Amino acid sequence: MQTFYRDTGAFLQRLNPLSKVLAFFPALVFVALVTDPWTPLAFIVLTAATVLVLGRVPFGYFLKVAGPLLLLVVGFLIFYPFVVRGELVAGSPVLFTLGPLTVYEAGILYALATALRIYALILLSLSFTLTTDATDFVRALVQQWRLPYKVGYGALAVFRFVPMLGSELAAIRAAHRVRGLSEGGGPRARYEQLKRYAVPLLATAVRRAERTALAMDGRAFGAYPERTYYRRLRFAPRDVLFVGGFWTVCLLIVLALNAAGLLGPLVLLQTT
Amino acid sequence: MIGQAPAGRRGKLAGWSTRDLLVVAAIGAALGVALIPVTYLGLTLMATLGPFLYALSTSLSRVPSVMTMYVVRRPGAAVLGALVAGLVQVPFTPTGWVILVAFALSGAACELPFLLTRYRRFGLPTLMISGAVAALLGLALQYVPFGYGNLALLVQLALILTAAAGGALITGGLAKLLADALAKTGVLSGYAVGQKRQEV
């Protein structure tokens with residue numbers, strides 16, 4: 001299975017994973033609340049620039065990942081205009097009629113704004129995934145944000161199961177095929193199939209978990225209140241620089257949009 | 001009983017042995033990996049067929065929380081199961097840590113009904129209520145960013161009903177079916193689900 005992480009050794013990759021969460025979180029909340037199409041657009045550009053410049057993620061690779069997600073934008077454009085609430089489109093010019101369905105201009109604009117907003121949210125989270133090692137993220141959660149280390153290291157131990165689950169699945173499939181069990185069919189057959197794969201997979205996972213737990217207990221996991229770490233993560237000056245810088249740029253973008261009169265009302269402040 | 005946590009320890013995760021922790025994590029991880037296609041499907045469904053099927057697909061992604069709670073029956077099991085299922089998805093899905101937060105929140109929502117019964121009832125009704133409550137809370141969170149509040153009223157109503165029914169049947173029902181099928185293999189003999197099975 002392929003992970004999205006690209007270790008280019010660039011600025012973003014060397015940051016503490018949590019500082020990326022801290023930097024992107026206010027932007028994410030803000031974008032989720034705006035109603036105009038320009039703010040999400042600005043944040044889409046900002047995020048793409050951050051990933052490409054500070055993360056040095058190859059441009060082709062970025063397009064390969066972010067491109068298919070544009071499907072979302074297109075999908076919202078198709079679905080939304082037909083089901084938008086009546087009052088929203090009242091008084092707006094009719095674009096075209098399709099049988100009993102009427103499409104208004106306001107409906108299209110609304111769909112566009114929503115689609116762009118969702119795309120901006122996805123890109124903001126994608127930029128984290130592209131530049132962060134998941135195990136470092138868990139380490140940082142344990143060391144900086146006080147996630148109980150038993151949970152964190154339990155999760156890390158189980159991370160190691162993931163590739164094994166893949167080979168396990170291949171073995172189960174081969175075993176079924178040898179016995180001549182067919183694949184496909186109706187919903188009933190699908191459910192049977194799900195059970196045939198899921199149950200043995202879960203059973204091996206649980207067995208392996210119990211053995212691993214025994215091994216961990218044998219090495220005094222969680223026996224002492226004091227915990228030492230092999231890999232230490234910290235908040236360095238560059239983390240402060242990044243979080244502060246990103247917030248400042250976001251603020252400037254919002255102020256600029258506001259000055260240009262492009263910033264629509266926020267959802268929470270709307271009266272409708 | 002084997003794997004019991006040492007007596008007298010207090011604080012966070014009291015009563016959780018390493019074994020419980022890893023069993024929950026393993027179930028969460030296995031289902032989390034299995035749910036990766038569902039996350040992608042959810043993204044495309046949302047794009048092509050709208051919020052209805054999306055609401056159903058998120059019900060599917062709550063199966064790990066309810067299932068781990070049903071198996072281990074300890075406070076926090078639903079949140080932990082969801083947390084691991086979400087963590088496993090972080091490197092493999094474009095939505096990264098945001099999906100982790102979403103999983104953690106819906107895990108907490110699944111936990112709520114069990115908390116209200118003070119972790120004493122684990123029958124099918126409780127599991128279904130847990131799934132439905134989580135689905136409704138999840139839908140409420142999507143209202144603002146996805147702009148559902150601006151959909152026609154009837155569509156909104158249908159959406160709420162679909163989410164509740166989907167949560168009850170898919171999350172609650174499937175979690176019980178899977179856990180019971182798993183218990184039949186005997187690997188859960190250390191837990192209440194497996195023991196009831198052996199008495200019969």
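Read on for an overview of the structure.

For the rest of this paragraph, the subject is the layout of surface pockets. Taken as a whole, the second largest pocket spans an internal volume of roughly 820 Å³. Looking at the second largest pocket, it is lined by 25 residues, and the ones nearest its centre are Leu194 and Ala198 of chain A together with Ala34, Leu35 and Pro37 of chain B. For the lining of the second largest pocket, the secondary structure elements donating two or more residues are helix H9 (161–178) and helix H10 (187–218) of chain A together with helix H1 (18–34), helix H2 (36–48), helix H4 (63–72) and helix H8 (153–184) of chain B. With seven residues, H10 of chain A is the largest single contributor of residues to the lining of the second largest pocket. Split by residue class, the lining of the second largest pocket holds 21 nonpolar, two polar and two charged.

Before going further, it helps to examine the interface of chain A and chain B. Listed by partner, the interface residues are 66 residues for chain A and 60 residues for chain B. Between chain A and chain B, the buried area comes to about 5400 Å², and carbon and sulfur atoms account for 78% of it. Counting every contact that joins chain A to chain B gives three residue pairs in polar contact (both at pLDDT 80 or more). Among the elements of the structure, helix H2 (17–33), helix H4 (59–83), helix H6 (105–131), helix H7 (134–143), helix H8 (149–159), H9 and H10 of chain A are those that each provide at least two residues to the side of chain A that touches chain B. If you tally residues by element for the side of chain A that touches chain B, the top one is H10 of chain A, at 16 residues. Across the side of chain A that touches chain B, the residue classes tally to 49 nonpolar, nine polar and eight charged.

Another point: the side chain of Thr132 of chain A. Residues and elements named next belong to chain A. When you line up the elements, Thr132 lands in the loop between H6 and H7. Note on Thr132: relative accessible area 7%, which makes it buried. A distance of 2.9 Å separates the side chain of Thr132 from the side chain of Lys20, its partner in a polar contact. Of note is the side chain of Thr132, whose polar atom sits 2.7 Å from the backbone oxygen of Phe128. Setting aside chain neighbours within four positions, we find Thr132 in contact with Tyr5, Pro17, Lys20 and Phe137.

Attention now goes to the side chain of Thr135 of chain A. Residue and element names in this part refer to chain A. Here Thr135 lies in helix H7. Of the residues examined, Thr135 reaches a relative accessible area of 13% and is grouped as buried. Of note is the side chain of Thr135, whose polar atom sits 3.1 Å from the side chain of Asp133.

This part is about the packing of H8 of chain A against H9 of chain A. Residue and element names in this part refer to chain A. Two elements in contact, H8 and H9, have axes separated by 5 Å at closest approach and are oriented at 35 degrees. Across from Ala157, Val158 and Phe159 in H8, the residues of H9 making contact are Phe161, Val162 and Pro163. In terms of residue class, the contact of H8 with H9 is made up of six nonpolar, no polar and no charged.

When we look at a pair of aromatic rings, we describe it by the centre distance and by the angle of the planes. Residues and elements named next belong to chain A. The full count for this structure, using the stated rule, is 11 aromatic pairs over all chains. Ring geometry for Phe24 against Phe246: centres 5.0 Å apart, planes inclined by 75 degrees, an arrangement best described as edge-to-face. Linking Phe24 in helix H2 with Phe246 in helix H11 (residues 237–259), this pair joins segments that are 222 residues apart in sequence. Considered together, Phe24 and Phe246 belong to a single accessibility category, that of buried residues.

Here we take up unusual backbone geometry. One can expect most non-glycine residues to show negative phi and most peptide bonds to be in trans. You will see that Ala220 of chain A, though not glycine, has its phi angle at about 60 degrees, which is positive. You will see that Arg118 of chain B, though not glycine, has its phi angle at about 55 degrees, which is positive. Look at Arg118 of chain B and you get exposed, because its relative accessible area is 58%.

What counts and how
- Residues numbered from 1 in each chain as written.
- Chains lettered and ligands numbered in written order.
- Predicted model: local features only at pLDDT ≥ 70, side-chain atom pairs only at ≥ 80, totals over all residues.
- Heavy atoms only, no water.
- 1 Å grid on protein atoms, 1.4 Å probe; cavity = no way out; pocket = protein on both sides within 12 Å on 5 of 7 lines; lining within 4 Å.
- Points joined across faces, edges and corners; volume = space filled by probe spheres on them.
- Helix = DSSP H or I, 4+ residues; strand = E, 2+ residues; numbered from the N terminus.
- Nonpolar A, V, L, I, M, F, W, Y, C, P; charged D, E, K, R; others polar.
- Contact = heavy atoms within 4.5 Å.
- Buried area = accessible area lost by both parts, 1.4 Å probe.
- Polar contact = N/O pair within 3.5 Å; in protein donor to acceptor, adjacent residues only side chain to side chain.
- Buried < 20%, exposed > 50% of the residue type's maximum accessible area, 1.4 Å probe, protein only.
- Axes fitted to C-alpha atoms, helices over the stretch in contact; angles between N-to-C directions.
- Phe/Tyr/Trp six-rings, centres within 6.5 Å; stacked < 30°, edge-to-face > 60°.

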